[in-house]
Amino acid sequence: MKQYQAPDRKGIQTIKRSSTLYHAIQLPFFVVLNDVILDGHSLSLEEFDAHHAPSWQREGDEFAIDVGTRTEIRLRISLYGFVCEVTVLAEVIEIIEDQEDRVIRFAFRDMSRQTREALRRISRSYHAGYVASPSDLLENQDPQTLNEKKDEPAAEDASLKWHRVVGMGLSVGVIVGTFAFIGTALYERFVLINASFATITAPEVEMISADMGQVRTPIEAVGQILQRDDPIYEISSADLASQEASLVAQIDYLTEINEEMQNDPEILALSPAGIPFSSPAEVRRALALAEGELRALQLRIAELQGFSPCDCMVSWFQEDGAWVVPGDTVAVLARTDSEVLRVEALVHVSQIEDVHIGQSAVVTDEATGRTIPARVERITLDPRQQPRVGFPQWLRQEPTVASVMLSIDEALDPGMIGQPMQVAIRRADLFGLGMAAADQ
């Protein structure tokens, strides 16, 4: 059999242009096989690459796959505020021997129309410069680009008066459009402060591991809705279970010794460490100490169970079977109470001096175009000091912006968490009397 030889990666490479092939994109995704999870490397509409070294696999199994293998694969693609999971039939077409890691190249062999459309929209959004959101995948069609319409040639028999009327109308339209454009620009420059980015956010609840162990969780997917006191996880610690069994056995032994010494104080009784007890009082003290240690240990074991502190939505969680150590994050929840949802906007620091608490603003839903009145509730110069679910963390790293939290009188839908919005804040002390009367 002819052995596969990896292509030479040195020198100049060329790209074949074809209408049926697309450039691969690199975004976070996982390749889930039967008992193995691989880290994704790149993805296109025709094929995808994954690292050969598994990020997770069942204990006792060794992962091996050959060129030509066809299997059903699930792709878990991390997008804007949610995870998109699709199922496809793929075939291994190449195993690339890289210097650092082997890369497996798969080719799509069968997928549903809905799956291909979802991958196409994800790739299209990525090439457009942003990560796809749920609204990008739920729209019936892509935004259309209208073709330029050419004016029909004027009829040869049109009168000179008609040409003059049309020319005058066009001139008036151009003048009115110019003044409207200038007026809109001046209004936005001197009356409104437009946020560079805004979205609906919710308070973040982080569940921390209290001890080392293996996570068992009933959570199935990100975005799952939890009610108050619903179980979130349980950490199995073999060490604590062993300590509890040892203390229970020690208490049973000391209880039996205590009863015997009460009947016969002169009897020879040994402690669990092999040291003789001198009196029944010493036995009772050892028994009380062991019972106290057992109660303290049972409190530690109770802390290994996590329950939902509120009506929340799962934003992130450790998968079932994962191992954690003390201080690790087990799950991240987002509160779904409508009264705690806020619109968070980023404003350039050069304009933040014109923003004050209580200032009025207008929030526009980009999906529907609906406008909602709002008020400035809090201003933070360092956005990293108020982590909330639904806001991209990479935007918080920008040092030239400040965070403005807006409250809205009407109730917001928890399903809108992470949805981009447009925010325009009215400047203070400019036509203040007129705007105050209009707000009333």
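Residues numbered from 1 in each chain as written. Predicted model: local features only at pLDDT ≥ 70, side-chain atom pairs only at ≥ 80, totals over all residues. Heavy atoms only, no water.

Caption draft 1: Examining the overall build of the protein chain more closely. When helices and strands are counted, the protein chain shows seven helices and 21 strands. Nonlocal contacts in the protein chain, meaning residues at least 24 apart in sequence, comprise 65% of its contacts between residues at least 6 apart. Only carbon and sulfur atoms are counted for the fraction: they give 53% of the accessible area of the protein chain, which is about 27,800 Å². (Helix = DSSP H or I, 4+ residues; strand = E, 2+ residues; numbered from the N terminus. Contact = heavy atoms within 4.5 Å. Areas by Shrake-Rupley, 256 points an atom, 1.4 Å probe, with all protein chains shown as cover.)

Caption draft 2: Summary view of the sheet that holds strand β3 (residues 47-57). Taking strand neighbours around the barrel as the criterion, the six strands line up as β1-β2-β3-β6-β5-β4 in a closed arrangement whose pairing is antiparallel. Within this sheet the neighbouring strands show an average axis-to-axis angle of 45 degrees, counted without direction. Bridge count for β3 against strand β6 (residues 102-110) is five bridges, and the pairing is antiparallel. When the sheet's bridge partners are listed, Phe48 is paired in β6 with Phe106. Across the sheet, helix α1 (residues 113-128) touches β2 (36-43), β4 (70-78), β5 (83-97) and β6, and the angle it forms with β5 is around 80 degrees. (Pairing = 2+ DSSP bridges. Axes fitted to C-alpha atoms, helices over the stretch in contact; angles between N-to-C directions.)

Caption draft 3: View of the packing of helix α4 (residues 238-263) against helix α5 (residues 280-302). It is at 9 Å that the axes of α4 and α5 come closest, and there the two elements cross at 155 degrees. By the angle between their axes, α4 is roughly antiparallel relative to α5. Between α4 and α5 lies a crossing whose hand is left-handed. Of the residues in the contact of α4 with α5, the class split is 15 nonpolar, six polar and five charged. (Parallel < 35°, antiparallel > 145°, perpendicular 65-115°, else oblique. Left-handed = near helix turned anticlockwise from the far one by under 90°. Nonpolar A, V, L, I, M, F, W, Y, C, P; charged D, E, K, R; others polar.)

Caption draft 4: Structural detail: the sheet that holds strand β12 (residues 305-307). Ordered by their spatial adjacency, four strands build an open sheet running β12-β11-β9-β14, and the pairing between neighbours is antiparallel. Every other strand in the sheet has two partners, leaving β12 and β14 (323-324) as the edge strands with one partner each. Bridge analysis of strand β11 (residues 231-236) against β12 gives three bridges, and the strand direction is antiparallel. In the sheet register, Pro231 faces β12, and the bridge partner there is Phe307.

Caption draft 5: A look at α4. Spanning 26 residues, α4 covers 38 Å between terminal C-alpha atoms, matching the ideal 38 Å at 1.5 Å per step. Among all positions in α4, only Leu240, Leu247, Ile251, Leu254, Ile257, Asn258 and Met261 are buried. Along its buried surface, α4 packs onto α5. (Expected span 1.5 Å × (residues − 1). Buried < 20%, exposed > 50% of the residue type's maximum accessible area, 1.4 Å probe, protein only.)

Caption draft 6: Expanded view of a negative patch on the surface. A cluster of acidic residues, Asp252, Glu256, Glu259 and Glu260, forms a negative patch on the protein surface. Locating Glu260 in the fold gives a position in helix α4. Looking at Glu260, the relative accessible area reads 33%, which means it is partly exposed. (Patch = residues over 30% accessible without salt bridge, like charges linked within 9 Å, V, L, I, M, F, W, Y side chains within 5 Å. Salt bridge = Lys/Arg side-chain N within 4 Å of Asp/Glu carboxyl O. Lys, Arg positive; Asp, Glu negative; His and termini not counted. Charge placed at Lys NZ, Arg CZ, Asp CG, Glu CD.)

Caption draft 7: α5, seen in detail. The end-to-end C-alpha separation of α5 is 33 Å, in line with the 33 Å expected for 23 residues at 1.5 Å each. For α5, the full list of buried residues reads Val283, Leu287, Ala290, Leu294 and Leu297. Where α5 is buried, its residues touch α4.

Caption draft 8: Broad picture of unusual backbone geometry. Look at Asp229: it is not a glycine, yet its phi comes out positive at around 70 degrees. The topology assignment puts Asp229 in the loop between β10 (225-226) and β11. Accessibility expressed as a relative area gives 54% for Asp229, which makes it exposed.

Caption draft 9: Fine view of the packing of aromatic side chains. Under the criterion given, the structure shown has two aromatic pairs. When the ring of Phe48 is compared with that of Phe106, the centres are 4.9 Å apart and the planes differ by 10 degrees; the resulting orientation is stacked. Here Phe106 lies in strand β6 and Phe48 lies in strand β3, a separation of 58 residues in the sequence. A residue is classified by how much of its surface remains accessible, and Phe48, at 1% relative accessible area, is buried. Pairing Phe48 with Phe108 gives two aromatic rings, centres 5.1 Å apart and planes at 40 degrees, and the pair type is tilted. Of the two residues, Phe48 is situated in strand β3 and Phe108 in strand β6; the sequence distance between them amounts to 60 residues. Residue classification places Phe108 among the buried residues on the basis of a relative accessible area of 11%. An aromatic cluster is built from Phe48, Phe106 and Phe108, whose rings are joined through pairwise contacts. (Phe/Tyr/Trp six-rings, centres within 6.5 Å; stacked < 30°, edge-to-face > 60°.)

Caption draft 10: Structural view of the pairing of strand β8 (residues 197-208). Across five bridges, β8 lies against strand β16 (residues 342-348) in antiparallel orientation. By the bridge assignment, Ile200 is partnered in β16 with Val343. Bridge count for β8 against strand β19 (residues 388-389) is two bridges, and the pairing is antiparallel. Note on β19: the bridge partner recorded for Pro203 is Arg388. Pairing of β8 with strand β15 (residues 329-335) involves five bridges; the strand directions are antiparallel.

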